[in-house]
Amino acid sequence: MRARRRCEYALARTDRVQYSADEALVLKQKAEDVLPYLNDRCVYLVGMMGSGKTTVGKIIAEVLGYSFFDSDKLVEQAVGIPTVAEIFQVHSEAFFRDNESEVLRDLSSMHRLIVATGGGAVIRPINWNYMKKGITIWLDVPLDALARRIVAVGTASRPLLHQESGDPYTKAYVKLTNLFEKRMDSYANADARVSLEDIAFKQGHNDVNVLTPSAIAIEALLKMESFLTQKAMVRN
Ligand SMILES: Nc1ncnc2c1ncn2[C@@H]1O[C@H](COP(=O)(O)OP(=O)(O)O)[C@@H](O)[C@H]1O
Ligand SMILES: O=C(O)C1=C[C@@H](OP(=O)(O)O)[C@@H](O)[C@H](O)C1
Ligand SMILES: [Mg+2]
């Protein structure tokens, strides 16, 4: 099972991402700054559903020249069921979580990967054992922005937020709030935190919704560099 999975992982490819010329230049510079410190280690993006792990992860992978993997997609491939929602329905959340842990264990023996984890991967301590072999970055997005994004794409692909009736924004917001209260201490285990509120403040905006995925990727690279250089200083 493990050998078959590895083969499948090797076949995945990063989708190409578009960004403005200015952002592309800054992204390249920041990627060059952080690469020597990364030393081929994997980067794991953690954060709530809709926080942009998949979107931002693809950008970071592209500029670093690393491979991108989405742990949800790897679980779907390993289980042979096309969506996470169907895995929850046909099996259970616990079955999904067991497979998610197996995927993270397999990835932890590899190098030069950017991994977008599922929002709930942080709740199992064993997953931290795997992820801490690399660098972990928390994408911290205000819950109202998350609810707005998720409602815009629909909740069908995110079984923990799916509802049949009622105002979708309010229901998503309430469910996200409950989940976040249970998970926030776990997200805080990450090596670095990328706060959209902080980026918006630095850029003089009072709305996180104006931040582009590339601006968030640039901040993530800065935070990675700062974490890794501090770690190097402590060691020396
Ligand atoms: N910075 C952003 N601004 C606006 N929408 C975004 C941003 N980042 C991601 N999105 C959108 O939010 C939704 C969730 O993003 P996704 O990358 O799938 O999050 P996650 O993998 O953390 O669940 C997608 O529809 C995506 O296009
Ligand atoms: O928060 C969660 O528990 C989940 C998040 C989802 O991934 P995204 O964070 O990519 O949406 C997916 O793993 C599953 O629906 C459970
Ligand atoms: Mg995702």
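As a reminder, the structure under discussion sits directly above these lines.
The residue numbers shown here count from 1 along each chain, following its written sequence. Both sets of labels track the order of writing: A upward for chains, 1 upward for ligands. Reporting in this predicted model follows two pLDDT cut-offs: at least 70 for local features of residues, and 80 or more for side-chain atom pairs to be given and counted; totals over whole chains, interfaces and linings ignore these cut-offs and use all residues. Where side-chain values are given, they derive from all heavy atoms of the structure, hydrogens and water being excluded.

**Student:** Tell me about helix α2 (residues 21-38), and name the residues and values.
**Tutor:** Runs of E in the DSSP output that reach at least two residues are strands. Runs of H or I that reach at least four are helices, and both are numbered from the N terminus. Here the expected length of a helix is defined as 1.5 Å per residue gap, with one fewer gap than residues. With 18 residues, α2 extends 25 Å between its outermost C-alpha atoms, agreeing within 8% with the 26 Å of an ideal straight helix rising 1.5 Å per residue. Partly exposed residues are those whose accessible area sits between 20% and 50% of the maximum for their type, while under 20% is buried and over 50% is exposed, using a 1.4 Å probe and protein chains only. Along α2, the residues classified as buried are Glu-23, Leu-27, Ala-31, Val-34 and Leu-38. Downstream of α2 by a residue or two, Asn-39 has a phi angle that is positive, lying close to 60°.

**Student:** Can you lay out the site of ligand 1 for me, pointing to particular residues and giving the numbers?
**Tutor:** Lining the immediate environment of ligand 1, one finds 15 residues, of which Gly-50, Lys-53, Thr-54, Thr-55 and Arg-158 sit closest. In protein, a polar contact requires one atom able to donate a hydrogen and another able to accept it; more generally it is a pair of N or O atoms within 3.5 Å, and residues adjacent in sequence count only if both atoms are side-chain atoms. Separating an oxygen atom of ligand 1 from a backbone N or O atom of Gly-52 is a distance of 3.0 Å. Between Arg-158 and ligand 1, the recorded distance is 2.8 Å, taken from a side-chain N or O atom to an oxygen atom. Per-residue and other accessible areas follow the Shrake-Rupley method at a 1.4 Å probe size, with only the shown protein chains counted as cover for residues. In isolation ligand 1 has 550 Å² of accessible area, and contact with the protein removes 74% of it. The cavity where ligand 1 resides is the largest pocket. Those elements giving two or more residues to the shell around ligand 1 turn out to be α3 (53-64), α8 (143-153) and α11 (213-235). In terms of residues, the shell around ligand 1 owes the most to one element, α3, which gives three residues. Residues are classed as near a molecule or strand on a simple rule: at least one heavy atom within 4 Å of it. In this analysis the probe radius is 1.4 Å and the grid spacing 1 Å, with only protein atoms considered; a cavity is a set of points the probe fits into but cannot get out of, a pocket is an open set with protein on both sides within 12 Å along at least five of seven lines, and lining residues have an atom within 4 Å of a point. Think of it this way: a molecule belongs to a cavity or pocket when more than half its atoms come within 2 Å of the grid points there.

**Student:** I'd like to hear about the pattern of salt bridges, residue by residue, with values.
**Tutor:** Salt bridges, as used here, are contacts in which a Lys or Arg side-chain nitrogen is within 4 Å of a carboxyl oxygen on Asp or Glu. Summed over the entire model, instances satisfying the criterion amount to eleven salt bridges. The salt bridge involving Lys-28 is made with Glu-32; its shortest N-O contact spans 2.7 Å. Highlighted residues: Lys-28 and Glu-32, both in helix α2, separated by four residues, approximately one helical turn. Asp-140 is the salt-bridge partner of Arg-193, the closest N and O atoms lying 2.8 Å from each other. Within this pair, whereas Arg-193 is found in strand β5 (residues 192-195), its partner Asp-140 is found in strand β4 (residues 135-140), the two being separated by 53 residues in sequence.

**Student:** Quick rundown of the sheet that holds strand β2 (residues 67-70)? Include the residues and the values.
**Tutor:** The five strands are arranged β2-β3-β1-β4-β5 in an open sheet whose pairing can be described as parallel. Both outer strands of the open sheet, β2 and β5, are each paired with one neighbouring strand and no more. Between one strand and the next, the sheet's axes are offset by a mean angle of 20°, whatever the strand orientation. Pairs of strands are assigned from DSSP output, requiring at least two bridges between the strands. Here four bridges tie β2 to strand β3 (residues 113-116), and the two strands are oriented parallel to one another. Angular values range over 0 to 180 degrees, each being the angle between N-to-C directions of two axes fitted as lines to C-alpha atoms, with helices fitted over their stretch in contact.

**Student:** Describe unusual backbone geometry, with residues and values.
**Tutor:** One non-glycine residue, Asn-39, lies in positive phi territory at about 60°. Of note, Asn-39 is situated in the loop between α2 and β1 (43-46). One non-glycine residue, Arg-112, lies in the positive phi region at around 55°. Relative to the assigned elements, Arg-112 resides in the loop between α6 (93-107) and β3. Judged by its relative accessible area of 35%, Arg-112 is partly exposed.

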